[in-house]
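This is what each chain is made of:
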Amino acid sequence: MKTQAGRLLGVAVLAISAVTTSHVRAGEEVPDPCYPDNRNATSTALGRGTLGMAWASTRDVGSHLYRNRAGIRPGSRLVEEAVPVSPSAKGGMSAKGGAKMAAISVPVPNRWEIFGSVFYQTNDSDGDSYGYGGKKKKKDDKYDRYGVYQVGGNGGGVGGVGGIGGVPGFASATDSSLDVFGGSIGVEYHINRNWSIGLGLSAAQGDLDMGSAGSADIDSVSLIPYVSYYRPDTVGSADLWAGLMYAYGMHSYETRRYTGAGIATGEPDADTHTIEFNVGLNFGEDDFVHGPYAGMRYITGSVDSYTEVGPGATFFGEQDVDSLVSILGYQVSWKMRGGSGYWVPQLRVAWEHEFEDGNATAFGIPYAAADEDIGVVGAGIGYWWDSGWHLGVEYEGRFGSETEAHYGGLTAGKEF
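Residues numbered from 1 in each chain as written. Predicted model: local features only at pLDDT ≥ 70, side-chain atom pairs only at ≥ 80, totals over all residues. Heavy atoms only, no water.

Asker: Is there a simple way to think about the overall build of the chain in this case?
Answerer: Within the chain, the regular secondary structure consists of 3 helices and 24 strands. Counting all 416 residues of the chain, 46% fall into the buried class. Intrachain contacts of the chain at a sequence separation of at least 6 include 70% that bridge at least 24 residues. For the chain, the accessible surface area stands at approximately 19900 Å², while carbon and sulfur atoms represent 61% of it. (Helix = DSSP H or I, 4+ residues; strand = E, 2+ residues; numbered from the N terminus. Buried < 20%, exposed > 50% of the residue type's maximum accessible area, 1.4 Å probe, protein only. Contact = heavy atoms within 4.5 Å. Areas by Shrake-Rupley, 256 points an atom, 1.4 Å probe, with all protein chains shown as cover.)

Asker: Is there a simple way to explain unusual backbone geometry in this structure?
Answerer: What you tend to see is this: most non-glycine residues have negative phi, and most peptide bonds are trans. At S63, a residue that is not glycine, the phi angle is positive and equals roughly 55°. Within the element layout of this structure, S63 appears in the loop between α2 (39-58) and α3 (64-70). Backbone geometry at D233 places phi at a positive 50°, although glycine is not the residue there. Along the chain, D233 turns up in strand β10 (residues 214-235).

Asker: Help me out: how do you make sense of the layout of surface pockets in this one?
Answerer: In this structure, the largest pocket encloses a volume near 260 Å³. For the largest pocket, the lining is made up of 17 residues, of which G71, Y230, D239, E285 and D286 are closest to its centre. With 4 residues, the single largest contributor to the lining of the largest pocket is strand β13 (residues 269-285). Grouping the amino acids of the lining of the largest pocket by side-chain chemistry returns 7 nonpolar, 4 polar and 6 charged. (1 Å grid on protein atoms, 1.4 Å probe; cavity = no way out; pocket = protein on both sides within 12 Å on 5 of 7 lines; lining within 4 Å. Points joined across faces, edges and corners; volume = space filled by probe spheres on them. Nonpolar A, V, L, I, M, F, W, Y, C, P; charged D, E, K, R; others polar.)

Asker: Explanation requested: the pairing of strand β3 (residues 112-125) in the structure shown.
Answerer: Note on strand geometry: in a regular strand, side chains alternate between the two faces of the sheet. One ladder, built from 14 bridges, connects β3 with strand β8 (residues 176-190); its direction is antiparallel. Counted as the bridge partner of I114 is V187 from β8. Here 13 bridges tie β3 to strand β24 (residues 403-415), and the two strands are oriented antiparallel to one another. Looking at the pairing, Q121 lines up with Y407 of β24. (Pairing = 2+ DSSP bridges.)

Asker: Can you walk me through the side chain of T42 in this structure?
Answerer: On the secondary structure map, T42 appears in helix α2. Every residue in contact with T42, bar those within four places of it in the chain, is listed here: M210, A213, R257, Y306 and F316.

Asker: Quick question: what am I supposed to make of a negative patch on the surface here?
Answerer: Together, D219, E254, E267, D269, D304 and E318 give the surface a local cluster of negative charge. With respect to the secondary-structure elements, D304 resides in the loop between β14 (288-303) and β15 (306-307). (Patch = residues over 30% accessible without salt bridge, like charges linked within 9 Å, V, L, I, M, F, W, Y side chains within 5 Å. Salt bridge = Lys/Arg side-chain N within 4 Å of Asp/Glu carboxyl O. Lys, Arg positive; Asp, Glu negative; His and termini not counted. Charge placed at Lys NZ, Arg CZ, Asp CG, Glu CD.)

Asker: I tried to follow the environment of A238 on my own but got confused; where do I start?
Answerer: Following the sequence through the fold, A238 ends up in strand β11 (residues 238-258). In sequence terms A238 and L281 are 43 residues apart; their C-alpha atoms lie 6.1 Å from each other. When neighbours within four sequence positions are excluded, A238 is seen to be in contact with P232, D233, L281, N282 and F283.

Okay, structure coming up:
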(Lines give C-alpha, C1' and ligand atoms only; values in the text may rest on other atoms or scores of the structure.)
Protein backbone atom coordinates (compact mmCIF):
# COMPACT_ATOMS: atom_id res chain seq x y z
CA MET A 1 0.00 0.00 0.00
CA LYS A 2 2.77 2.43 0.93
CA THR A 3 4.70 1.41 -2.15
CA GLN A 4 1.75 2.19 -4.43
CA ALA A 5 1.16 5.53 -2.72
CA GLY A 6 4.82 6.39 -3.06
CA ARG A 7 4.75 5.65 -6.75
CA LEU A 8 1.70 7.85 -7.30
CA LEU A 9 3.31 10.65 -5.32
CA GLY A 10 6.48 10.35 -7.37
CA VAL A 11 4.56 10.56 -10.65
CA ALA A 12 2.73 13.66 -9.41
CA VAL A 13 5.97 15.34 -8.39
CA LEU A 14 7.53 14.60 -11.78
CA ALA A 15 4.49 16.01 -13.61
CA ILE A 16 4.51 19.21 -11.56
CA SER A 17 8.25 19.53 -12.06
CA ALA A 18 7.90 19.16 -15.81
CA VAL A 19 5.23 21.85 -16.03
CA THR A 20 7.16 24.19 -13.75
CA THR A 21 10.37 23.63 -15.70
CA SER A 22 8.56 24.46 -18.97
CA HIS A 23 7.30 27.78 -17.58
CA VAL A 24 10.62 28.66 -16.00
CA ARG A 25 12.41 28.06 -19.25
CA ALA A 26 9.91 30.30 -20.95
CA GLY A 27 11.66 33.33 -19.47
CA GLU A 28 15.15 32.25 -20.49
CA GLU A 29 17.00 33.00 -23.70
CA VAL A 30 16.59 29.41 -24.91
CA PRO A 31 12.90 28.45 -25.27
CA ASP A 32 11.43 25.08 -24.44
CA PRO A 33 11.83 23.05 -27.66
CA CYS A 34 8.41 21.46 -27.06
CA TYR A 35 6.72 24.86 -27.49
CA PRO A 36 7.97 26.65 -30.64
CA ASP A 37 7.33 30.37 -30.36
CA ASN A 38 5.16 31.04 -33.43
CA ARG A 39 2.97 33.69 -31.87
CA ASN A 40 4.50 36.53 -33.87
CA ALA A 41 3.87 34.56 -37.07
CA THR A 42 0.26 34.06 -35.98
CA SER A 43 -0.23 37.77 -35.30
CA THR A 44 1.40 38.66 -38.61
CA ALA A 45 -0.88 36.33 -40.54
CA LEU A 46 -3.98 37.65 -38.74
CA GLY A 47 -2.98 41.23 -39.58
CA ARG A 48 -2.41 40.39 -43.22
CA GLY A 49 -5.65 38.42 -43.32
CA THR A 50 -7.65 41.32 -41.90
CA LEU A 51 -6.30 43.76 -44.50
CA GLY A 52 -6.86 41.20 -47.26
CA MET A 53 -10.47 40.61 -46.25
CA ALA A 54 -11.14 44.35 -46.07
CA TRP A 55 -9.74 44.90 -49.58
CA ALA A 56 -11.42 41.92 -51.26
CA SER A 57 -14.83 42.60 -49.69
CA THR A 58 -15.02 46.25 -50.78
CA ARG A 59 -13.24 46.29 -54.12
CA ASP A 60 -15.15 48.32 -56.75
CA VAL A 61 -18.58 47.74 -55.26
CA GLY A 62 -21.27 47.92 -57.90
CA SER A 63 -18.58 48.17 -60.64
CA HIS A 64 -18.94 51.97 -60.45
CA LEU A 65 -15.20 52.48 -61.00
CA TYR A 66 -15.26 50.23 -64.08
CA ARG A 67 -18.15 52.24 -65.52
CA ASN A 68 -16.53 55.59 -64.74
CA ARG A 69 -13.24 54.57 -66.32
CA ALA A 70 -15.09 53.47 -69.47
CA GLY A 71 -17.28 56.59 -69.58
CA ILE A 72 -20.54 54.62 -69.32
CA ARG A 73 -23.36 56.88 -68.25
CA PRO A 74 -26.83 55.91 -66.98
CA GLY A 75 -29.16 54.87 -69.77
CA SER A 76 -32.75 55.80 -70.40
CA ARG A 77 -36.03 54.02 -70.91
CA LEU A 78 -39.02 54.77 -73.12
CA VAL A 79 -42.19 55.75 -71.31
CA GLU A 80 -45.53 56.32 -72.99
CA GLU A 81 -47.02 59.72 -72.27
CA ALA A 82 -50.30 61.24 -73.38
CA VAL A 83 -49.95 64.48 -75.31
CA PRO A 84 -52.58 66.67 -77.06
CA VAL A 85 -52.84 66.41 -80.84
CA SER A 86 -53.67 69.05 -83.44
CA PRO A 87 -57.23 70.43 -83.28
CA SER A 88 -59.80 69.15 -85.72
CA ALA A 89 -61.21 71.20 -88.58
CA LYS A 90 -64.44 71.66 -86.62
CA GLY A 91 -62.88 73.50 -83.71
CA GLY A 92 -60.35 71.12 -82.23
CA MET A 93 -62.68 69.36 -79.79
CA SER A 94 -63.59 65.73 -79.85
CA ALA A 95 -67.11 64.53 -80.09
CA LYS A 96 -67.17 64.17 -76.33
CA GLY A 97 -66.15 67.78 -75.82
CA GLY A 98 -62.53 67.17 -74.76
CA ALA A 99 -59.16 67.77 -76.42
CA LYS A 100 -57.86 64.95 -78.54
CA MET A 101 -54.93 63.02 -76.94
CA ALA A 102 -52.35 60.59 -78.32
CA ALA A 103 -49.79 58.28 -76.66
CA ILE A 104 -46.14 58.67 -77.65
CA SER A 105 -42.90 57.14 -76.32
CA VAL A 106 -40.67 59.59 -74.48
CA PRO A 107 -37.09 58.75 -73.28
CA VAL A 108 -36.73 59.12 -69.50
CA PRO A 109 -33.29 58.82 -67.76
CA ASN A 110 -32.89 55.82 -65.48
CA ARG A 111 -32.71 56.85 -61.84
CA TRP A 112 -32.17 53.55 -60.04
CA GLU A 113 -29.90 50.58 -60.38
CA ILE A 114 -29.75 47.34 -58.43
CA PHE A 115 -26.57 45.26 -58.61
CA GLY A 116 -24.97 42.10 -57.34
CA SER A 117 -21.64 40.32 -57.64
CA VAL A 118 -19.71 37.21 -56.72
CA PHE A 119 -15.92 37.20 -56.40
CA TYR A 120 -12.91 35.06 -55.56
CA GLN A 121 -9.51 36.30 -54.45
CA THR A 122 -6.32 34.48 -53.53
CA ASN A 123 -3.27 36.11 -51.92
CA ASP A 124 0.13 34.58 -51.13
CA SER A 125 2.57 36.36 -48.79
CA ASP A 126 6.21 35.44 -48.15
CA GLY A 127 7.69 35.27 -44.66
CA ASP A 128 10.26 37.80 -43.47
CA SER A 129 12.74 38.47 -40.68
CA TYR A 130 13.74 41.81 -39.18
CA GLY A 131 16.78 42.69 -37.11
CA TYR A 132 16.33 45.37 -34.50
CA GLY A 133 19.10 45.03 -31.98
CA GLY A 134 21.29 42.33 -30.47
CA LYS A 135 20.87 42.79 -26.75
CA LYS A 136 19.43 39.89 -24.83
CA LYS A 137 16.51 40.60 -22.57
CA LYS A 138 16.80 39.83 -18.92
CA LYS A 139 14.56 37.24 -17.45
CA ASP A 140 11.32 39.08 -16.72
CA ASP A 141 7.74 37.95 -16.29
CA LYS A 142 6.65 40.74 -18.63
CA TYR A 143 8.42 39.01 -21.49
CA ASP A 144 7.69 35.41 -20.51
CA ARG A 145 7.54 33.63 -23.85
CA TYR A 146 4.72 31.23 -23.19
CA GLY A 147 2.60 32.15 -20.23
CA VAL A 148 2.74 35.75 -19.09
CA TYR A 149 3.79 38.00 -21.97
CA GLN A 150 0.70 39.53 -23.56
CA VAL A 151 1.18 39.23 -27.29
CA GLY A 152 -0.10 42.27 -29.12
CA GLY A 153 0.21 45.55 -27.26
CA ASN A 154 0.71 48.30 -29.82
CA GLY A 155 -0.29 46.66 -33.04
CA GLY A 156 0.55 42.99 -32.70
CA GLY A 157 2.65 40.53 -30.83
CA VAL A 158 6.22 39.42 -30.92
CA GLY A 159 7.22 36.51 -28.74
CA GLY A 160 9.61 38.49 -26.57
CA VAL A 161 11.29 41.64 -27.84
CA GLY A 162 14.73 40.22 -27.11
CA GLY A 163 14.49 37.65 -29.86
CA ILE A 164 12.57 34.84 -31.49
CA GLY A 165 13.41 31.20 -31.17
CA GLY A 166 16.56 31.94 -29.19
CA VAL A 167 17.94 34.37 -31.81
CA PRO A 168 18.27 37.77 -30.12
CA GLY A 169 17.09 40.78 -32.07
CA PHE A 170 15.00 39.11 -34.79
CA ALA A 171 11.31 38.70 -35.48
CA SER A 172 10.06 36.43 -38.22
CA ALA A 173 6.86 35.86 -40.15
CA THR A 174 5.88 32.60 -41.81
CA ASP A 175 4.59 32.28 -45.35
CA SER A 176 0.82 32.67 -45.47
CA SER A 177 -1.99 32.52 -47.99
CA LEU A 178 -5.56 33.81 -48.00
CA ASP A 179 -8.43 32.56 -50.15
CA VAL A 180 -11.61 34.63 -50.13
CA PHE A 181 -14.99 33.84 -51.67
CA GLY A 182 -17.87 36.28 -51.35
CA GLY A 183 -20.54 38.40 -52.93
CA SER A 184 -22.30 41.74 -52.69
CA ILE A 185 -25.69 43.28 -53.32
CA GLY A 186 -26.66 46.92 -53.45
CA VAL A 187 -28.56 49.81 -54.93
CA GLU A 188 -27.46 53.01 -56.68
CA TYR A 189 -29.44 56.19 -57.25
CA HIS A 190 -28.59 58.59 -60.07
CA ILE A 191 -29.35 62.04 -58.68
CA ASN A 192 -28.74 63.65 -62.07
CA ARG A 193 -26.44 63.20 -65.06
CA ASN A 194 -23.42 64.02 -62.89
CA TRP A 195 -23.97 62.63 -59.40
CA SER A 196 -24.75 59.13 -58.12
CA ILE A 197 -24.90 57.64 -54.64
CA GLY A 198 -24.92 53.98 -53.73
CA LEU A 199 -25.02 51.54 -50.84
CA GLY A 200 -23.61 48.02 -50.94
CA LEU A 201 -23.58 45.07 -48.55
CA SER A 202 -20.82 42.51 -48.91
CA ALA A 203 -20.35 39.12 -47.23
CA ALA A 204 -17.29 36.89 -47.58
CA GLN A 205 -15.62 33.80 -46.17
CA GLY A 206 -11.85 33.48 -45.94
CA ASP A 207 -9.50 30.53 -45.51
CA LEU A 208 -6.22 31.73 -43.98
CA ASP A 209 -3.25 29.33 -44.13
CA MET A 210 -0.59 30.47 -41.64
CA GLY A 211 1.96 27.90 -42.76
CA SER A 212 3.72 26.13 -39.90
CA ALA A 213 1.89 28.36 -37.40
CA GLY A 214 -1.60 27.01 -38.15
CA SER A 215 -4.73 28.16 -39.96
CA ALA A 216 -7.89 30.20 -39.51
CA ASP A 217 -11.39 30.59 -40.91
CA ILE A 218 -12.78 34.12 -41.37
CA ASP A 219 -16.34 35.37 -41.78
CA SER A 220 -16.75 38.99 -42.90
CA VAL A 221 -19.61 41.42 -43.46
CA SER A 222 -19.09 44.94 -44.83
CA LEU A 223 -21.41 47.93 -45.26
CA ILE A 224 -20.28 50.17 -48.13
CA PRO A 225 -21.74 53.60 -48.99
CA TYR A 226 -20.21 55.51 -51.91
CA VAL A 227 -20.69 58.54 -54.15
CA SER A 228 -19.68 59.05 -57.79
CA TYR A 229 -19.28 62.12 -59.97
CA TYR A 230 -18.95 62.42 -63.75
CA ARG A 231 -18.77 65.59 -65.82
CA PRO A 232 -18.16 65.70 -69.59
CA ASP A 233 -15.74 68.15 -71.21
CA THR A 234 -14.31 69.37 -67.91
CA VAL A 235 -10.64 69.63 -68.89
CA GLY A 236 -10.81 70.69 -72.52
CA SER A 237 -12.54 67.81 -74.29
CA ALA A 238 -11.65 65.36 -71.50
CA ASP A 239 -14.31 64.07 -69.11
CA LEU A 240 -13.65 64.16 -65.36
CA TRP A 241 -14.82 61.40 -63.03
CA ALA A 242 -14.34 60.76 -59.32
CA GLY A 243 -15.48 58.26 -56.71
CA LEU A 244 -15.40 58.26 -52.90
CA MET A 245 -16.13 55.12 -50.89
CA TYR A 246 -16.28 54.29 -47.20
CA ALA A 247 -16.63 50.77 -45.81
CA TYR A 248 -17.05 49.34 -42.35
CA GLY A 249 -16.07 45.68 -42.04
CA MET A 250 -16.71 43.16 -39.27
CA HIS A 251 -14.54 40.02 -39.29
CA SER A 252 -14.82 36.92 -37.07
CA TYR A 253 -11.93 34.44 -36.75
CA GLU A 254 -11.63 30.82 -35.73
CA THR A 255 -7.90 30.22 -35.30
CA ARG A 256 -5.97 26.97 -34.93
CA ARG A 257 -2.36 27.40 -33.80
CA TYR A 258 0.19 24.57 -33.62
CA THR A 259 1.89 24.86 -30.25
CA GLY A 260 4.09 21.75 -30.24
CA ALA A 261 1.93 20.23 -27.52
CA GLY A 262 -1.17 20.16 -29.73
CA ILE A 263 -3.54 22.68 -31.26
CA ALA A 264 -4.69 25.80 -29.40
CA THR A 265 -7.81 27.51 -30.73
CA GLY A 266 -9.08 31.07 -30.49
CA GLU A 267 -12.02 33.17 -31.66
CA PRO A 268 -10.96 36.83 -32.00
CA ASP A 269 -13.03 39.48 -33.75
CA ALA A 270 -11.73 42.31 -35.92
CA ASP A 271 -13.14 45.45 -37.45
CA THR A 272 -11.87 47.67 -40.25
CA HIS A 273 -12.59 51.10 -41.71
CA THR A 274 -11.76 51.72 -45.37
CA ILE A 275 -11.74 55.05 -47.19
CA GLU A 276 -10.89 55.12 -50.89
CA PHE A 277 -10.87 58.07 -53.30
CA ASN A 278 -10.32 57.75 -57.05
CA VAL A 279 -10.24 60.37 -59.79
CA GLY A 280 -9.51 60.18 -63.50
CA LEU A 281 -9.75 61.77 -66.94
CA ASN A 282 -11.29 60.18 -70.03
CA PHE A 283 -10.05 61.16 -73.46
CA GLY A 284 -11.45 60.05 -76.81
CA GLU A 285 -14.85 59.44 -78.32
CA ASP A 286 -17.69 57.25 -77.11
CA ASP A 287 -16.42 54.16 -78.92
CA PHE A 288 -12.83 54.50 -77.64
CA VAL A 289 -11.99 55.97 -74.22
CA HIS A 290 -8.60 56.11 -72.52
CA GLY A 291 -7.00 58.11 -69.74
CA PRO A 292 -5.05 58.25 -66.48
CA TYR A 293 -6.47 57.75 -63.01
CA ALA A 294 -5.16 58.13 -59.47
CA GLY A 295 -6.35 57.38 -55.98
CA MET A 296 -5.68 56.89 -52.29
CA ARG A 297 -6.84 53.97 -50.16
CA TYR A 298 -6.62 53.94 -46.36
CA ILE A 299 -7.51 50.90 -44.25
CA THR A 300 -7.33 50.95 -40.46
CA GLY A 301 -8.64 48.50 -37.91
CA SER A 302 -7.84 46.21 -35.04
CA VAL A 303 -7.92 42.55 -34.07
CA ASP A 304 -9.37 42.15 -30.59
CA SER A 305 -7.41 40.54 -27.77
CA TYR A 306 -8.26 36.92 -27.07
CA THR A 307 -7.22 33.93 -25.00
CA GLU A 308 -6.69 30.60 -26.67
CA VAL A 309 -8.04 27.26 -25.46
CA GLY A 310 -6.11 24.03 -25.63
CA PRO A 311 -2.57 22.70 -25.06
CA GLY A 312 0.04 25.46 -25.12
CA ALA A 313 -2.67 28.14 -25.16
CA THR A 314 -1.71 31.74 -24.46
CA PHE A 315 -3.09 35.28 -24.49
CA PHE A 316 -2.91 37.58 -27.51
CA GLY A 317 -3.30 41.31 -26.95
CA GLU A 318 -5.14 43.69 -29.25
CA GLN A 319 -3.45 44.22 -32.62
CA ASP A 320 -3.75 47.35 -34.77
CA VAL A 321 -3.52 47.15 -38.57
CA ASP A 322 -3.03 50.05 -40.98
CA SER A 323 -2.44 50.50 -44.70
CA LEU A 324 -2.13 53.71 -46.73
CA VAL A 325 -1.76 53.21 -50.48
CA SER A 326 -1.44 55.60 -53.41
CA ILE A 327 -2.68 54.50 -56.85
CA LEU A 328 -1.50 55.66 -60.28
CA GLY A 329 -2.79 53.98 -63.41
CA TYR A 330 -3.90 54.18 -67.02
CA GLN A 331 -6.86 52.49 -68.71
CA VAL A 332 -8.18 51.83 -72.20
CA SER A 333 -11.85 51.00 -72.93
CA TRP A 334 -13.82 50.70 -76.14
CA LYS A 335 -17.38 49.96 -77.18
CA MET A 336 -18.52 47.40 -79.74
CA ARG A 337 -22.14 47.28 -80.84
CA GLY A 338 -23.93 43.98 -80.31
CA GLY A 339 -27.35 42.71 -81.33
CA SER A 340 -29.35 44.36 -78.52
CA GLY A 341 -26.68 46.34 -76.69
CA TYR A 342 -22.94 46.92 -76.69
CA TRP A 343 -19.77 45.25 -75.43
CA VAL A 344 -17.25 47.21 -73.34
CA PRO A 345 -13.80 45.57 -72.95
CA GLN A 346 -11.29 47.32 -70.68
CA LEU A 347 -7.55 46.98 -70.01
CA ARG A 348 -5.60 48.80 -67.33
CA VAL A 349 -2.27 48.91 -65.52
CA ALA A 350 -1.42 50.63 -62.24
CA TRP A 351 1.29 51.15 -59.66
CA GLU A 352 0.42 51.15 -55.97
CA HIS A 353 2.75 52.42 -53.25
CA GLU A 354 2.37 51.48 -49.58
CA PHE A 355 3.32 54.23 -47.12
CA GLU A 356 3.04 52.16 -43.93
CA ASP A 357 6.20 50.35 -42.75
CA GLY A 358 4.25 47.19 -42.03
CA ASN A 359 0.78 46.03 -41.17
CA ALA A 360 1.70 45.42 -37.51
CA THR A 361 4.21 46.67 -34.97
CA ALA A 362 5.44 45.73 -31.53
CA PHE A 363 6.86 48.57 -29.43
CA GLY A 364 7.13 50.71 -32.57
CA ILE A 365 9.10 48.06 -34.49
CA PRO A 366 7.62 46.69 -37.74
CA TYR A 367 7.66 42.91 -37.91
CA ALA A 368 5.20 42.21 -40.74
CA ALA A 369 6.36 43.78 -43.99
CA ALA A 370 4.00 45.12 -46.60
CA ASP A 371 5.27 45.47 -50.15
CA GLU A 372 6.19 49.08 -50.75
CA ASP A 373 5.39 48.79 -54.45
CA ILE A 374 2.76 46.67 -56.18
CA GLY A 375 2.24 46.28 -59.92
CA VAL A 376 -1.41 45.87 -60.90
CA VAL A 377 -2.83 44.60 -64.19
CA GLY A 378 -6.55 44.41 -64.86
CA ALA A 379 -8.82 43.22 -67.65
CA GLY A 380 -12.57 42.98 -67.97
CA ILE A 381 -15.47 42.88 -70.35
CA GLY A 382 -19.09 43.82 -69.88
CA TYR A 383 -22.27 43.82 -71.91
CA TRP A 384 -24.90 46.55 -71.54
CA TRP A 385 -28.33 45.71 -72.95
CA ASP A 386 -30.58 48.44 -74.31
CA SER A 387 -33.20 47.22 -71.81
CA GLY A 388 -31.04 48.35 -68.87
CA TRP A 389 -29.50 45.03 -67.86
CA HIS A 390 -25.74 44.59 -67.75
CA LEU A 391 -23.38 41.70 -67.06
CA GLY A 392 -19.59 41.80 -66.62
CA VAL A 393 -16.55 39.78 -65.66
CA GLU A 394 -13.23 41.17 -64.43
CA TYR A 395 -9.76 39.95 -63.47
CA GLU A 396 -7.05 41.73 -61.49
CA GLY A 397 -3.50 40.56 -60.77
CA ARG A 398 -1.31 42.17 -58.11
CA PHE A 399 2.44 41.49 -58.01
CA GLY A 400 5.05 42.57 -55.46
CA SER A 401 8.34 41.32 -54.08
CA GLU A 402 6.63 39.72 -51.05
CA THR A 403 3.06 39.14 -52.22
CA GLU A 404 1.08 37.94 -55.20
CA ALA A 405 -2.70 38.15 -55.48
CA HIS A 406 -5.33 37.29 -58.07
CA TYR A 407 -8.94 38.50 -58.11
CA GLY A 408 -11.85 37.44 -60.30
CA GLY A 409 -15.39 38.80 -60.17
CA LEU A 410 -18.73 38.44 -61.93
CA THR A 411 -21.16 41.39 -61.74
CA ALA A 412 -24.73 41.99 -62.88
CA GLY A 413 -27.21 44.84 -62.58
CA LYS A 414 -30.41 46.40 -63.85
CA GLU A 415 -31.21 50.08 -64.38
CA PHE A 416 -34.77 51.34 -64.23
